[in-house]
Amino acid sequence: MKAILAAGSIALVTAGAFAQERYELPAEQAETARMLIDQALESDLAWDIVESLTTEVGPRLGGSEAEARAREWGAALGEELSFDRVSIEEFDMPFWTRGDMEITMNAPYEQALYGTALGGSGRSPRLRPISSDIVYFRSVDDLMAAEDGSLEGRIAFVDGEPIVRSQTGAGYGPANVRRRVGWQHAERAGAEALVVRSVGSDIRRFPHTGMMSSDSDGEWAEIPVIAVSNPDADHIRRLHELGEGINFTIRSTAGWRGEVVSGNVVLDIIGRENPEEIVLIGGHLDSWDLGTGAVDDGAGIAITVAAAELIARLPERPRRTIRVVMFGAEEVGLLGARAYAAQHAAEVPNHVLATESDFGAGPIWQFVSNVNEDANPVIDAIGRELMPLGIIRGGSNVPGGGPDIIPLAFAGVPTIRLNQDGTDYFDLHHTPDDTLDKIDPESLAQNVAAYAATIYLAAELDVNFRPDPEAASE
């Protein structure tokens, strides 16, 4: 019989059978976690951080000069606060910019439309306007069925529905197909441009941008690919249902501008006993360029930095290292996440837990995990400490951790996720409406409180969140 967890645990493994009982947090660590919660709820630090980032730096498109200024801002913030080690880890990336874009409906009457180029979009031939009748497709599935060459000289318009609102954001993936792959079918069918309904839930004339997917050969669109706001898409649908012929003029200068340098900002609180063991948290520093990136993902940067700072102010460092990563170039393909996993490949086995805040600034309502089964009683105990914040314990076998955690999770790093309420997230996400005024300071503080308590306990408790490789081989 072998004890799996440290002092305070009564979880045991017996030959041929598995039995788990309730784990109680050591009194001193539980008291510290509760103190961190109280301090976080009274602190304005996260608000100050996101206000500084969105005001002093502004929009931060991956690979741009603004993102470079954001890295310098992040490093300076780490030096100003209580972190023991601050570094910028650079990587190369291809750089796309949206340039200028105009879209007008010319028939059945003239009306300016509100649209934006999607990430990876091509430009108008010779930068001159394209004018053509549209071919209306009710859904991206209908466009996929279009025959090769059937759209020669025309503009394809793909409708669809605004994404289904949900607390979890579950509607995003299905709605996002038209943005991701629609261009491939439009080009195959010979269209001169593609216009799609924005992937968003808002009812304002704010177009929603985002990155498309490259094709199987790694190639990107040669034609302009534009998303128009939901009210504009509704208007086009009504005209189509009336049997009106619809004509657009589009001019776009979007395109790729060569290789540039991006980077991740890494802030460490070095552990007092096991500094080589890393509990990683973070958010992404870049944003789309339509708003100021407050909700996506200035809030995540602020939440995780502020939580780590409260832990750093304790009388002693936690047992393990806490690492905050401000990931670069997330929006354009998780490039910073992939670079981090590659640059830290040798120490990935020492990453004992990872998570990211990248779903806005709404209140956290659920705590899920994907760790060594033997460690679930500890995760459950942490969950009980979060209950006064209005957070329920969710599943114990939920892969994820956040978009930038995906490469680490694939490499075997255990994950947790503090799920935020995303009911209105896609009203703001990737739109010009993603600005500081949309963040509620009380919800932001609740996020910091949950992160501070959770990450402190994960770094302080002597528990193995990773699967035991010896047990796995038996």
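What counts as what
Residues numbered from 1 in each chain as written. Predicted model: local features only at pLDDT ≥ 70, side-chain atom pairs only at ≥ 80, totals over all residues. Heavy atoms only, no water. Helix = DSSP H or I, 4+ residues; strand = E, 2+ residues; numbered from the N terminus. Rg over C-alpha atoms; globule rule 2.2 N^0.38 Å. Buried < 20%, exposed > 50% of the residue type's maximum accessible area, 1.4 Å probe, protein only. Contact = heavy atoms within 4.5 Å. Areas by Shrake-Rupley, 256 points an atom, 1.4 Å probe, with all protein chains shown as cover. Lys, Arg positive; Asp, Glu negative; His and termini not counted. Charge placed at Lys NZ, Arg CZ, Asp CG, Glu CD. pLDDT = per-residue confidence, 0-100. Patch = residues over 30% accessible without salt bridge, like charges linked within 9 Å, V, L, I, M, F, W, Y side chains within 5 Å. Salt bridge = Lys/Arg side-chain N within 4 Å of Asp/Glu carboxyl O. Phe/Tyr/Trp six-rings, centres within 6.5 Å; stacked < 30°, edge-to-face > 60°. Lys NZ or Arg CZ within 6 Å of the ring centre and 35° of its normal.

## A closer look at the overall build of the protein chain
And then number 1: Counting its secondary structure elements, the protein chain contains 14 helices and 19 strands.
And then number 2: Taken against the 2.2 N^0.38 rule, which gives 23 Å for 474 residues, the C-alpha radius of gyration of the protein chain at 24 Å falls within 12% of a compact globule.
And then number 3: Reported as C-alpha extents along the three principal axes, the dimensions of the protein chain are approximately 75 × 50 × 40 Å.
And then number 4: Of all 474 residues assigned to the protein chain, the portion counted as buried reaches 58%.
And then number 5: In the protein chain, of all internal contacts separated by at least 6 residues, the share reaching a separation of at least 24 is 83%.
And then number 6: Of the accessible surface of the protein chain, which amounts to about 18800 Å², a share of 50% is contributed by carbon and sulfur atoms.
And then number 7: Between the averaged position of the 37 positive side-chain charges in the protein chain and that of its 75 negative side-chain charges there is a distance of 3 Å.

## Digging into unusual backbone geometry
And then number 1: Look at the link from A107 to P108: it is a cis peptide, with omega at 15°.
And then number 2: Note on placement: P108 falls in the loop between β5 (101-107) and β6 (111-112).
And then number 3: Of note in the backbone geometry, R126 takes a positive phi value of approximately 55° without being a glycine.
And then number 4: Tracing the sequence through the fold places R126 in the loop between β7 (115-117) and β8 (130-137).
And then number 5: Given a relative accessible area of 65%, R126 falls into the exposed group.

## Considerations on the confidence of the model for the protein chain
And then number 1: Averaged over the protein chain, the pLDDT score is 94; the fraction of residues at 70 or greater is 94%.
And then number 2: Of the regions scoring below 50 in pLDDT, residues 1-18 engages in 34 contacts with residues more than four places distant in sequence or in other chains.
And then number 3: Here residues 470-474 is modelled with pLDDT under 50, and outside its nearest four sequence neighbours on either side it reaches zero contacts, counting other chains as well.

## Some thoughts on a negative patch on the surface
And then number 1: On the surface, a cluster of negative charge is made up of D38, E42, D44, D48, E51 and E56.
And then number 2: Considering each element in turn, the negative patch owes the most residues, three residues, to helix α2 (residues 45-57).
And then number 3: Mapped onto the fold, E56 is located in helix α2.
And then number 4: The exposure class of E56 is exposed, given its relative accessible area of 54%.

## Section: the packing of aromatic side chains
And then number 1: A complete count under the given rule lists eight aromatic pairs for this structure.
And then number 2: On the numbers, 5.3 Å between centres and 45° between planes, the contact of W220 with W256 is tilted. Taken as a pair, W220 in the loop between β10 (193-197) and β11 (225-228) and W256 in strand β13 (residues 255-269) lie far apart in primary sequence, 36 residues in all.
And then number 3: Members of the aromatic cluster, connected to one another through ring pairs, are Y172, F359, Y425 and F426.
And then number 4: Over the ring of F367 we find R393; its NZ or CZ atom is 5.5 Å from the centre of that ring.

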